[in-house]
Amino acid sequence: SYEPGRAGYVTIVANYLPLQAPYGGPNYFFMDPEALYEIHVDNDGDAREDLSFQFRFRNEFKNQTLKVGGKDVATPLINFGPAVAGVTAGLNLAETYTVDLVRGDRRHGERRALTNADTGESRFVKPVDNIGKKTISDYEAYAAAHIYNIKVPGCGETGRLFVGQRKDPFVVNLGEVFDLVNTDPLGPVDGRRDILDDANVTALILELPTPCLVRHDPVIGAWTTASLRQGRLLKRAPSLGEPAKEGGPWVQVSRLGMPLVNEVVIGLKDKNRFNAAEPEDDAQFADYVTHPTLPALIEILFPGAPAPTNIPRQDLVTAFLTGVAGINQPKRVTPSEMLRLNTATAPTAK
């Protein structure tokens, strides 16, 4: 963590629902109450989760009504007055969530709830998105009231937790890049406007004491997944807050570790397979790393561009699958795609 006095902590961020326009009304951006969102940590290099932080969301519809012609009629908006920091007054829909920590296998390990260190409660309030100044006069203060001090099961120190809308941290001109790189790669760094400079994401953020994450190796790896129930029975005309019936085991439908792996590394036919796979099975995708197609595409689009000669690309294996020896590679590593961090290396201020 970069914040002064927090050097003994690691901040983990999982971003969902990208490209949120700042003018998000009337529906805004809610997490799926039928989904299981997870942040996994591997702290021994075997490509299997040792810690899984599981987020579940719940939407509470208040059915705010107004008297119209003598009748109470439900209002169409999620806000009917100013939103107050730390509570859900003024909102027609309140979003809350819980976080469980599972040690070992994500489905069969020991599961315990993270709790509010100040109140002991295990359910947290997610701030509504930034609707505007008339609804939320000071959004920074409003959102900050939803940063919680938390007790982490099996950890002697407290951590911090926040889930809510943040500015999208990514920098890329998506339309131009995926239009066959319709830009000047040799031009000035800031030659074109970043189209994400006013976009938001929904961030799931944990700041945890480093000793709670590491085992015998200071290097940890992490990735995120989202899962849905295997079976879903849709109702013919469901009401808000009355979800479909879900059943069966959890089925993983998305996965992310390193940025852009599924977008520009994994072949089109295998993207869903990668989304459903676990890191320990990543050998099946090795050809996409050792024999990448993106450089070959760049050669076609920009004739004369220098072609890489170091095929198979062991440098990409290091970057994506093992980490760099002496920097962020575990002492014993199973090649697998995830973000890796050496917690013994102090952060560098930007």
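Relevant structure appears above.
Here we summarise the structure given alongside this text. Quick caveat: nothing in here was measured; it's all calculated off a predicted structure.

The rules behind these values
- Residues numbered from 1 in each chain as written.
- Predicted model: local features only at pLDDT ≥ 70, side-chain atom pairs only at ≥ 80, totals over all residues.
- Heavy atoms only, no water.
- Pairing = 2+ DSSP bridges.
- Helix = DSSP H or I, 4+ residues; strand = E, 2+ residues; numbered from the N terminus.
- Disulfide = S-S within 2.5 Å.
- Buried < 20%, exposed > 50% of the residue type's maximum accessible area, 1.4 Å probe, protein only.
- Phe/Tyr/Trp six-rings, centres within 6.5 Å; stacked < 30°, edge-to-face > 60°.
- Lys NZ or Arg CZ within 6 Å of the ring centre and 35° of its normal.
- Polar contact = N/O pair within 3.5 Å; in protein donor to acceptor, adjacent residues only side chain to side chain.
- Salt bridge = Lys/Arg side-chain N within 4 Å of Asp/Glu carboxyl O.

Notes on the sheet that holds strand S10 (residues 148-151)
Right, so step 1: Here five strands make up an open sheet; going across it, the order is S1-S12-S11-S10-S8 and the pairing antiparallel. Looking at which strands have only one partner, the edges of the open sheet turn out to be strand S1 (9-20) and strand S8 (115-116).
Right, so step 2: Two elements, strand S11 (residues 158-167) and strand S12 (residues 200-209), share eight bridges in a ladder whose sense is antiparallel. In the sheet register, Gln 165 faces S12, and the bridge partner there is Thr 202.

Considering the pairing of strand S5 (residues 71-74)
Right, so step 1: Of the pairings in the sheet, the one linking strand S4 (residues 65-68) to S5 comprises four bridges and is antiparallel in character. Looking across to S5, one finds that Leu 66 is bridged to Val 73.
Right, so step 2: Linking S4 to S5, which pair antiparallel, is a turn of two residues; within it Gly 69 sits at a positive phi near 60°.

Re the state of the cysteines
Here, the word disulfide means a covalent bond between the sulfur atoms of two cysteines.
Right, so step 1: The tally for this structure, following the rule as stated, stands at one disulfide.
Right, so step 2: With a sulfur-sulfur separation of 1.6 Å, Cys 155 is cross-linked through a disulfide to Cys 212. Of this pair, Cys 155 sits in the loop between S10 and S11 while Cys 212 sits in the loop between S12 and strand S13 (219-233), placing them 57 residues apart in sequence. When sorted by exposure, Cys 155 lands in the same class as Cys 212, which is buried.

Topic: the packing of aromatic side chains
Each aromatic ring pair is characterised by the separation of its centres together with the angle its planes make.
Right, so step 1: On inspection of all chains with the given rule, the structure shows seven aromatic pairs.
Right, so step 2: Between Phe 274 and Phe 285, the ring centres sit 5.4 Å apart and the planes meet at 70°, which makes this aromatic pair edge-to-face. Placement of Phe 274 in helix H4 (residues 271-276) and of Phe 285 in the loop between H4 and helix H5 (286-290) is noted, with a sequence separation of 11 residues between them.
Right, so step 3: By relative accessible area, which is 4% here, Phe 285 ends up buried.
Right, so step 4: An aromatic cluster is defined as three or more aromatic residues linked by ring pairs; in this entry it consists of Tyr 16, Tyr 37, Phe 57, Tyr 97, Phe 124 and Tyr 148.
Right, so step 5: Across from the ring centre of Tyr 9, 3.9 Å away, lies the NZ or CZ of Arg 6, which sits over that ring.
Right, so step 6: Its end group placed over the ring of Trp 250, Arg 229 keeps NZ or CZ at 3.9 Å from the ring centre.

Remarks on the side chain of Gln 20
Right, so step 1: Positionally, Gln 20 belongs in strand S1.
Right, so step 2: Given the relative accessible area of 0%, Gln 20 is considered buried.
Right, so step 3: A distance of 2.8 Å separates the side chain of Gln 20 from the side chain of Gln 165, its partner in a polar contact.

A short note on the pattern of salt bridges
Right, so step 1: One pass over the full model with this rule turns up 18 salt bridges.
Right, so step 2: Among the salt bridges present, the one from Glu 95 reaches Lys 126, with a minimum N-O distance of 3.0 Å. Pair noted here: Glu 95 is in strand S6 (residues 93-103) and Lys 126 is in strand S9 (residues 124-126), with a separation of 31 residues, a long-range link.
Right, so step 3: Residue Lys 126 pairs with Asp 129 through a salt bridge whose shortest N-O separation is 4.0 Å. Across this residue pair, the class does not change: Lys 126 and Asp 129 are buried.
Right, so step 4: Several salt bridges converge on common partners, so that one network encompasses Glu 3, Arg 6, Arg 160 and Glu 207.

Considerations on the pairing of strand S15 (residues 339-342)
Right, so step 1: A one-sided burial pattern is seen for S15, the buried positions being Arg 340 and Asn 342 and the unburied ones Leu 339 and Leu 341.
Right, so step 2: The pairing of S13 with S15 spans four bridges and is antiparallel. In the sheet register, Ala 222 faces S15, and the bridge partner there is Leu 339.

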